[in-house]
Amino acid sequence: MKNTSRRSFLRNGFLLGAGTLLGAPALRGAYAADAATLTLYNGQHAKTTQKLVEAFTQATGIRVEIRKGSSTQLANQIIEEGDRSPADVFYAEESPPVAALADKGLLAPLSKDTLGQVIPGYTAGDGTWIGVTARCRATVYNRDMVQESELPASVLDMATAAWKDRVGFVPTSGAFQEQLIAIKLLKGSDAALNWLKGLKQYGRICNGNMAAMRAVERGEIATALVNNYYWYIMANEVGADKIRSGLHYAGPRDPGGLITVSAAGILKTARNRDAARKLLAFMVSQAGQEAIAGTVAEYPLRPGVKSPFDLKPFDTLNPPPVSPADLGDAADALALRREAGLA
């Protein structure tokens, strides 16, 4: 399958056009008197962010102008714009682009109260960004082509001759690159590089995560490495009683079960700092987490908020001991991909 690569992280950023204005001011709730407009650079799924923003505006009266792009593209743009950036808040599909801005000193510290709303371990070490929702890396498999009992306990064992032409993967995916960094942290650079080389030799490159998911569902390939929520998207499309694929979780503490997060931070140059703080606080509030959880099969990170999707319980995932903060900006992933001939 042909590999269509994206632009590398923190390189060749481009300027987006005017954003979409979502959510008319409702002028209701405790903050109605503080009606304002803030600018959100959004790399998260559009539907998810739209629902969040609508709920926020209804609760506060604060309007949000959304500028959409990929998380890496928007991080590039913010870096290029510097002090001129109109962005107040950056909401990314994964944590490394937000961590990259933090490393460059572009994010403002968040309040301890806001940081304390989510499960410990899912915020930046310096308190400049916060995880909003979590997802788990997993293997989707076609039930007609392979039995779950045949799948190896470790994702490392899927980059071998035994799985030739039976594993789809997306090397340009942000979550895949986070998984690669997790392998490097846990097993070393050589193990991470060998895993990549094995996937290149024996696996099949897919052009996107939903493309990989659909290939498994159609029986074009036996398995694929994706985030858990893609299976739920597929189940919604074809019907849970008709779906041919299943979702397999890696063995205890294996990098195949890495938990990653969507993440958000406030720019130091934010023109509307007070409104931006309120948006971040709302993202991890009961109402904000429920608005997000209703649109995507990700795990709410606020304790006590339940997903309407039938997810594997978060406390039973037993992921590897690698936190989103440990992943940093994942810059080493590009070097590893280049060395393996996958960039």
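See the structure shown above.
From a predicted model like this one, the values you see are computed outputs, not experimental measurements.

Enquirer: Help me understand the side chain of Asn228, please; the structure alone is not making it clear to me.
Expert: On the secondary structure map, Asn228 appears in the loop between strand 9 (223-227) and helix 8 (229-238). Apart from residues no more than four positions distant in its own chain, Asn228 is found in contact with Arg135, Cys136, Leu247, Tyr249, Ala297, Tyr299 and Leu311.

Enquirer: Can you help me understand the pairing of strand 6 (residues 130-142) in this one?
Expert: Within a regular strand, side chains alternate between the sheet's two faces. In terms of burial, strand 6 is largely enclosed, as 13 of its 13 residues are buried. Relative to strand 11 (residues 259-267), strand 6 runs antiparallel, the two being bridged by six bridges. In the strand pairing of strand 11, Thr133 is matched with Ser262. Where strand 6 lies against strand 12 (residues 299-300), two bridges are found, and the strand directions are antiparallel.

Enquirer: Even after reading the chapter, I still don't get helix 8, so can you show me in this structure?
Expert: Every α-helical turn comprises 3.6 residues, leaving residues that sit three or four positions apart pointing alike. Buried within helix 8 are the following residues: Tyr229, Tyr230, Trp231, Tyr232, Met234 and Ala235. Of the surrounding elements, those touching the buried residues of helix 8 are strand 6, helix 7 (209-217), strand 9 and strand 10 (245-248). Gly239 lies just past helix 8 and shows a positive phi near 100°.

Enquirer: Would you mind going over the nonpolar core with me for this structure?
Expert: Side chains of a nonpolar character, in soluble globular proteins, are inclined to be buried together. By size, the foremost hydrophobic cluster in this structure holds 74 residues, and its most contacted members are Phe90 and Trp129. Ranked by size, the runner-up nonpolar core spans 30 residues in total, among them Val155, Ala182, Ala192 and Leu342.

Enquirer: Looking at this structure, I do not really get the side chain of Arg137. What am I missing?
Expert: As for its placement among the helices and strands, Arg137 is situated in strand 6. Buried within the structure, Arg137 lacks any salt-bridge partner; Glu178 is the closest side chain of opposite charge, at an N-O distance of 7.6 Å. A distance of 3.4 Å separates a polar atom in the side chain of Arg137 from the backbone oxygen of Leu225. Not counting residues within four places of it along the chain, the set of residues in contact with Arg137 comprises Ala175, Phe176, Gln179, Leu225, Val226, Asn227, Gly256, Gly257 and Leu258.

Enquirer: Just to check I follow, could you spell out the pairing of strand 3 (residues 63-68) for this structure?
Expert: The pairing of strand 2 (residues 37-42) with strand 3 spans six bridges and is parallel. When the sheet's bridge partners are listed, Thr37 is paired in strand 3 with Arg63. Handedness of the crossover is the feature at issue here: the chain leaves strand 2, passes through helix 1 (residues 46-60), returns alongside strand 3, and the resulting connection is right-handed.

Enquirer: Any chance you could explain unusual backbone geometry here in plain terms?
Expert: Phi is mostly negative for residues that are not glycine, and the peptide bonds are mostly trans. A positive phi angle, near 60°, is found at Arg253, a position not held by glycine. Inspection of the secondary structure assignment puts Arg253 in the loop between strand 10 and strand 11.

Enquirer: Even after reading the chapter, I still don't get the packing of aromatic side chains, so can you show me in this structure?
Expert: In total, this model carries eight aromatic pairs according to the counting rule given. Measuring from centroid to centroid gives 5.1 Å for Tyr299 and Phe314, while their planes differ by 55°, and the two rings are tilted. Placement of the pair is Tyr299 in strand 12 and Phe314 in the loop between strand 12 and helix 11 (324-327), with a sequence separation of 15 residues. Among the residues examined, Tyr299 registers a relative accessible area of 5% and is labelled buried. Of the residues examined, Phe314 reaches a relative accessible area of 22% and is grouped as partly exposed. Every member of this aromatic cluster is reached through a ring pair, and the members are Tyr122, Tyr299 and Phe314. Taking the ring centre of Trp163 as reference, the NZ or CZ of Arg166 above it sits at 4.0 Å. Here the basic side chain of Lys312 rests over the ring of Tyr249, its NZ or CZ set 5.5 Å away from the ring centre.

Enquirer: How should I be thinking about the environment of Ile243 in this particular structure?
Expert: Summarising the element assignment, Ile243 is placed in the loop between helix 8 and strand 10. In this structure Ile243 comes out as buried when scored by relative accessible area, which is 11%. When near neighbours in sequence (up to four residues on either side) are disregarded, Ile243 contacts Glu217, Trp231, Met234, Ala235 and Val238.

Definitions and limits used
- Residues numbered from 1 in each chain as written.
- Predicted model: local features only at pLDDT ≥ 70, side-chain atom pairs only at ≥ 80, totals over all residues.
- Heavy atoms only, no water.
- Helix = DSSP H or I, 4+ residues; strand = E, 2+ residues; numbered from the N terminus.
- Contact = heavy atoms within 4.5 Å.
- Buried < 20%, exposed > 50% of the residue type's maximum accessible area, 1.4 Å probe, protein only.
- Pairing = 2+ DSSP bridges.
- Core = buried A, V, L, I, M, F, W, Y, C linked by side-chain atoms within 4.5 Å.
- Lys, Arg positive; Asp, Glu negative; His and termini not counted.
- Salt bridge = Lys/Arg side-chain N within 4 Å of Asp/Glu carboxyl O.
- Polar contact = N/O pair within 3.5 Å; in protein donor to acceptor, adjacent residues only side chain to side chain.
- Right-handed = clockwise from strand over helix to strand, strands pointing away.
- Phe/Tyr/Trp six-rings, centres within 6.5 Å; stacked < 30°, edge-to-face > 60°.
- Lys NZ or Arg CZ within 6 Å of the ring centre and 35° of its normal.

By themselves, these are just geometric observations and shouldn't be taken as functional.
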